Structure formats: structure tokens, C-alpha cells
Amino acid sequence: MPFVFKKLEIPEVILIEPVVLKDDRGFFMETHKESIFKENGIPSFVQENQSFSTKGILRGLHYQESPMAQGKLVRCVKGEIFDVAVDIRDGSKTKYSWVGAILSEENHHELYIPEGFAHGFVVLGDSAEVIYKCTSEYSSEHERGILWNDPKVDIAWPISNPIVSERDEQYKLL
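Since the model is a prediction, treat every value here as computed from it, not as a measurement. (Residues numbered from 1 in each chain as written. Predicted model: local features only at pLDDT ≥ 70, side-chain atom pairs only at ≥ 80, totals over all residues. Heavy atoms only, no water.)

(A) Molecular detail of the packing of aromatic side chains. Scanning all chains against the criterion turns up five aromatic pairs. Ring plane angle 85 degrees and centroid distance 5.5 Å describe the contact between Phe5 and Phe37, whose orientation is recorded as edge-to-face. Within this pair, whereas Phe5 is found in strand E1 (residues 3–7), its partner Phe37 is found in helix H1 (residues 34–39), the two being separated by 32 residues in sequence. The same class applies to Phe5 as to Phe37, namely buried. Centroid distance Phe82 to Trp98: 6.2 Å. Interplanar angle 80 degrees. Geometry classified as edge-to-face. Taken as a pair, Phe82 in strand E8 (residues 80–87) and Trp98 in strand E9 (residues 98–104) lie far apart in primary sequence, 16 residues in all. Residue classification places Phe82 among the buried residues on the basis of a relative accessible area of 11%. Ring pairs connect the aromatic residues Phe3, Phe5 and Phe37, which therefore count as one cluster. (Phe/Tyr/Trp six-rings, centres within 6.5 Å; stacked < 30°, edge-to-face > 60°. Helix = DSSP H or I, 4+ residues; strand = E, 2+ residues; numbered from the N terminus. Buried < 20%, exposed > 50% of the residue type's maximum accessible area, 1.4 Å probe, protein only.)

(B) Region of interest: the nonpolar core. Core analysis: the largest hydrophobic core is formed by 21 residues, its most contacted members being Val13, Ile81, Leu103 and Leu111. Where this core is concerned, the elements lending two or more residues are strand E7 (72–78), E8, E9, strand E10 (110–113), strand E11 (117–123) and strand E12 (127–134). The dominant element in this core, judged by the number of residues it contributes, is E12, at four residues. (Core = buried A, V, L, I, M, F, W, Y, C linked by side-chain atoms within 4.5 Å.)

(C) Seen up close, the pattern of salt bridges. On inspection of all chains with the given rule, the structure shows 11 salt bridges. For the salt bridge of Glu17 with Lys6, the shortest nitrogen-to-oxygen distance reads 3.0 Å. One end of the pair, Glu17, is in strand E2 (residues 14–18); the other, Lys6, is in strand E1, and 11 residues separate them in sequence. Residue Arg89 pairs with Asp87 through a salt bridge whose shortest N-O separation is 2.8 Å. On the basis of relative accessible area, Arg89 is assigned to the partly exposed category, the value being 23%. (Salt bridge = Lys/Arg side-chain N within 4 Å of Asp/Glu carboxyl O.)

(D) The sheet that holds E1, seen in detail. The six strands lie next to each other as E1-E2-E10-E7-E12-E5, forming an open sheet whose pairing is antiparallel. This sheet does not close on itself; its edge strands, each paired only once, are E1 and strand E5 (47–54). Strand-to-strand twist of the sheet, defined as the mean angle between neighbouring strand axes without regard to direction, takes the value 25 degrees. As paired elements, E2 and E10 share three bridges and run antiparallel to each other. Bridge pairing links Ile14 to Tyr112 in E10. (Pairing = 2+ DSSP bridges. Axes fitted to C-alpha atoms, helices over the stretch in contact; angles between N-to-C directions.)

(E) Representation of the side chain of Ser53. Following the sequence through the fold, Ser53 ends up in strand E5. Among the polar contacts listed, one links the side chain of Ser53 to the side chain of Arg59, at a separation of 2.6 Å. If we skip the residues at most four places from it in the chain, Ser53 touches Arg59, Phe121, Val123, Ser127 and Ala128. (Polar contact = N/O pair within 3.5 Å; in protein donor to acceptor, adjacent residues only side chain to side chain. Contact = heavy atoms within 4.5 Å.)

(F) Spatial organisation of unusual backbone geometry. Look at the link from Gly60 to Leu61: it is a cis peptide, with omega at 10 degrees. Mapped onto the elements, Leu61 comes out in strand E6 (residues 57–64). With omega at 10 degrees, the peptide bond leading from Ser66 into Pro67 counts as cis. Here Pro67 is to be found in the loop between E6 and E7. Although it is not a glycine, Tyr96 sits at a positive phi angle of roughly 70 degrees. Its place among the elements puts Tyr96 in the loop between E8 and E9.

Here is the structure:
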């Protein structure tokens, strides 16, 4: 199988480790295969986004409300990030809990974050390029956020004093 799927402490969030074939020319890997992803509980995607950020930038915590809620498949193609998913599902046993994973150009890992989770990441190296697929299209009308340092969530971000956008600084506490 070209992927290893690992459920994290919040089992709906899945770390995906692709099989990477390397030789003296470089490497090859599959990053997404719908049939295998569906077998492992990951739905189809309708939009793909790419971002570039420099050292210390923190993006998030973002989500979209129903009916435009988004699941995301996140990977870092250049640099290294600490990627976070926060459970905000009503009635969930793990509501307001978070899980995180390091995604990098070297480990090639991907993180699947289902609907009902807020998402954010911080850049650990000099810069990072992140690509993520979404299960719903972007809708500014349904876009929401949580303050990145909300004490109710208490994320253990691996850097102090991140650089956060004005918009992300304006999000409210839970």
C-alpha cells in the first residue's frame, strides 16, 4: 500500500505517511489516491489551496460552519510546520482537545482534519509552503476562527511570540 494511515489521539484526525521511493535522481510518491483514502474514512476533495509563510508565522485557528464545513488534507511541500487540529464538534467527548503533528518536506507526512475541527499551523524553519485540499469550497460567509492562544484549548505551540495576522488576532475566546 502506498500509504500508512495512523489515527491520532483524536481518532478522526489521521496522520498519513506516504511510501516515498527514493533513488539518486530524487524521489516519487503518491500524495492522494481517492480509492485508498475512502477505504480509510477520508472523503473526496473539491478545492486545493497553497500558502507561503516565513519563519514564526502562525496561521489559524480557522474553520467553516455548516453547511460549508471543510475537511482538510494538509501537507508541507517546502520547509517545516507544526500543524494543529482542534475538536470543536458539539457533543464530542474530545471537544476543545487538540492534536498536532510536524509536517515537512523531509517526512512527506500529511494530516487529514475532518469537518468540525479548527485548523492552524506555525512555521518552524525559515519558510514553508503548505498545500491543502478541502472537502468544501471556501465561503467567506461561513468562515470562523478561534484565537490561537485560547487558554481553553491550551495548544503547546513549539515557538514563543509567533507572528499572527491582524484578522487572526481578532478572533474571540471560546
